[in-house]
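One letter stands for each residue in the lines below.
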Amino acid sequence: MDWNAWRRRWLTEPLYRRARNSVTPFTLFQHHVLSAGDVWWESQLLSGRPDWAALTYVRPAALTTNERAFLDGPVMRLCARLEQAANEDVGLAGTALWSLLREGGFEGMAVPVEYGGLGLSAWAQSEVLRQVALRSIATAYLLAARFVFGPADLLRQAGTPEQCAYWLPRMAEGRACGAVASFVVENDIVPIQATGVVLQGDANEPVLRLNWSGARHAPGPRPDLLVLPFRLHDPDGVVGPEGERGVCVALVDTSLPGVIHHRSGSCCGPIPGRHESRRGDALAPHSGRGGMFDGHDVELPVSALLGGSEGIEQGLAAMLSAQSVAKGISLPALSAASVSLSAHASSAVLRLQGDGTGCEMLGARGRLGRLAATTYRVEAGRRFLSAGLDLGYRPVLAAALFDINIFEDVRRAMADSMDLLGGAGPTPALTEWQESLHELLPALFALDALAAQARNTRVLALGVLRTHPHLRQELAALEQSDSDAGCAEFDRLIWKHAVHACATVLRATGRACTRGGLSPVPRLLGPVTRHYRRVNRYAAAIAVVAEILQPGARPLHARNEPGLERLLRALAVLMSLCAVLKRWQDDGRHDADLPLVEWCAADAYHTIETLLGGMLENLKWQSAGTLLKGLLLPPGTRAAPPDDTVTLACAELLLTPSDTRERLVGTVWANHGMRHLGALEKAYECVINVHGLREQIRQAGLKDWRLAHEHGGLTDAQAEALEAAEAAVVAALYH
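What this report covers is the structure whose coordinates are included nearby. Bear in mind that the values here come from a model prediction, so they are computed numbers and not experimental data.

Our focus in this paragraph is the overall build of the protein. If you tally the helices and strands in the protein, you get 26 helices and eight strands. In terms of overall dimensions, the protein is globule-like: its C-alpha atoms have a radius of gyration of 28 Å, near the 27 Å expected for 735 residues. Across its three principal directions, the C-alpha atoms of the protein cover 105 × 70 × 40 Å. Residue burial in the protein is summarised as follows: out of 735 residues, 57% are buried. Looking at the protein alone, contacts between residues at least 24 apart form 79% of all its contacts between residues at least 6 apart.

In structure tokens, the structure reads:
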């Protein structure tokens, strides 16, 4: 008997018919998502056996000479103006700000050098946003929303040579500005509110007629170029097959007839300084969206399509890819700046209060330790993602996962920081940092809205599908019109898939029982070797869960959405842990930083096991879930959250001056000229300098250094140092 023929007739063909009847063909949008961007480190983790050698190619990001000159020149001048506005408690007028941005060449940050721009790398753009965010979150948001999310990278990636030659030099010189349109309503009930029809023009040339409403753009002056996604109809087949052509992207000159601009109340109005002037800044709900465009019968040549008429199928994929890159640059930069500023200010305030009520506040050191580790993790994610982008990757899924995890870290860090700052009471000096913290989350939500698909569960599921070695090809075989050829291809793939799935389950089971002890890792990793092995263990477990859920292949329903959400969050946490391990290696393998690594690792393990356990407990087949939970999360190997010893060690790293503290938050104060921040730093240094004297006085049983001075226990110089520290604390916290 022919085994292959028997297998195909009695096993493969029934499976093929059942799968073919149950699988819904991909839509045009799903095909665009599947072709957008690249897979990166997430594919290694989802394989269940990450190749750690691949991380050696991810070199630490570095600035070029020209990028350093830009940061030391125009960026520092912008920061100085923002500091001046904050110190004088006045706002920086929008017209003055945009003039400063044009003079500094900020509009050319993402424009390639060959077109007259600066051509900044992803790391350089991230550094620009971080430096500005330390002075003003609102201004950093404006830079990110208008320039990093601008059309320059999209044109470079997918524009025709003629489109690039026309728009990019103008943008680099400041003679034109561009923006990418986003829509207030865009979902399954109300689809994208822009449509276009291809018609034959008067000169027998095809013409594109567009109609849209509610296309908003980022805050700033009215853009000359609007990158507009729209639904294209070609009823006569002028530029290809007849009928619906899906979502395409057009480059709209906003000076054309039919384009109507609705100016936001303050899109060019006051830019925030500090205190009350912030209430009407660009992050306010009525102005954070910038202006808005409507279009009525706007006629464009077909060459105005992104990539020309030949690029109809690639426009949306390129836009999704460019948005993911922009979000991967912007959101971590703003988050890292604010979290590090919060950690520095919170630890300084806690140290200034000594043994008073602030340090005795419920959970103060526990919160500070968690804040220190969160700061380390957010910065690690920023560095790791920027390094990948500078290697040329456009990791749509990886960028979205990093941003999801950073969002969670920021929310927790903001809560901890507000509690710690609140321990000092409602002092005027702390208002500056408290308002900055309140600005951060609205800014991040606004950046998130500029790439709305990055949080779409269906889009993320399709991103996971791209990493599977067989599933996507199986779905393509099911969609073939020739059922015999499709069945033959399905037969070739399905049994390879079965072997792959069995090997994944066996690998995950073995690594779970040994806590990854037998899994391969690079040599000479030092004290973090066991963490690499644990990552191997959880990567294998996540690969098994992905085989069960088959994200992207199965339709998204209410019953499977929670499990898929847990899978994505577990993968995001594991990727962040990889970034932490990579940062420790790149920083020079400092033993003093190990408490931060240990805290991040323990928190990641506990979170991943909680997510995987919740997913397996809620499987449709409860018996299968119980069995898999016993295999993947066996009793006796469960991870505990970070213990108190590690948390307190992390807190001490912030409270005590050290090289580790400088690596964590030291760059916050570099070239900083803001009055209140300077007063806090001065007070912190004074308190550290007199710490030994205060300990001597306490051991002598005295509560006041003045009594010690009167009795001759302190010299005049020591008394002056204590008095100066006391005055600095009062100036920092109460003036």
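Okay, unusual backbone geometry next. Even without being glycine, Asp297 reaches a positive phi, approximately 50°. Among the secondary structure elements, Asp297 is positioned in strand 8 (residues 292-301). Asp297 gets classed as partly exposed once you look at its relative accessible area, which sits at 37%. Its identity as a non-glycine residue notwithstanding, Arg589 has a phi of 55°, on the positive side. The residue Arg589 is located in the loop between helix 18 (561-586) and helix 19 (594-617) in this model. A relative accessible area of 33% places Arg589 in the partly exposed class.

In an α-helix there are 3.6 residues to a turn, and that puts residues three or four apart on one side. For helix 1 (residues 3-22), with 20 residues, the first-to-last C-alpha span of 27 Å sits near the 28 Å given by 1.5 Å per residue. Thr12 marks the point of greatest bend in helix 1, at about 40°, and the proline Pro14 comes within the next four residues. Residues Arg7, Thr12, Tyr16 and Ala19 constitute the buried set of helix 1. Looking at the buried positions of helix 1, the neighbouring elements they touch are helix 15 (471-478) and helix 16 (483-514).

Counting through the fold element by element, Lys582 comes out in helix 18. Side chain to side chain, Lys582 and Asp586 meet in a polar contact 2.8 Å long. Residues contacting Lys582, with those up to four places away along its chain left out, are Leu55, Val58 and Phe384.

What follows is about empty space enclosed by the protein. Across all of its chains, the model carries five cavities of 30 Å³ or more by this definition. Taken as a whole, the largest cavity spans an internal volume of roughly 220 Å³. Looking at the largest cavity, it is lined by 21 residues, and the ones nearest its centre are Leu320, Ser324, Val396, Leu397 and Val459. Where the lining of the largest cavity is concerned, the elements lending two or more residues are helix 10 (315-352), helix 12 (396-422) and helix 14 (457-465). Sorting elements by how many residues they give to the lining of the largest cavity places helix 12 first, with five residues. If you go around the second largest cavity, the residues you meet are Glu107, Ala110, Arg146, Phe147, Gly150, Pro151, Ala152, Met171, Ala176, Cys177 and Gly178. Across the lining of the second largest cavity, the residue classes break down as seven nonpolar, two polar and two charged.

The rules behind these values
Residues numbered from 1 in each chain as written. Predicted model: local features only at pLDDT ≥ 70, side-chain atom pairs only at ≥ 80, totals over all residues. Heavy atoms only, no water. Helix = DSSP H or I, 4+ residues; strand = E, 2+ residues; numbered from the N terminus. Rg over C-alpha atoms; globule rule 2.2 N^0.38 Å. Buried < 20%, exposed > 50% of the residue type's maximum accessible area, 1.4 Å probe, protein only. Contact = heavy atoms within 4.5 Å. Expected span 1.5 Å × (residues − 1). Bend = angle between axes of the 7 residues up to and from the residue. Polar contact = N/O pair within 3.5 Å; in protein donor to acceptor, adjacent residues only side chain to side chain. 1 Å grid on protein atoms, 1.4 Å probe; cavity = no way out; pocket = protein on both sides within 12 Å on 5 of 7 lines; lining within 4 Å. Points joined across faces, edges and corners; volume = space filled by probe spheres on them. Nonpolar A, V, L, I, M, F, W, Y, C, P; charged D, E, K, R; others polar.

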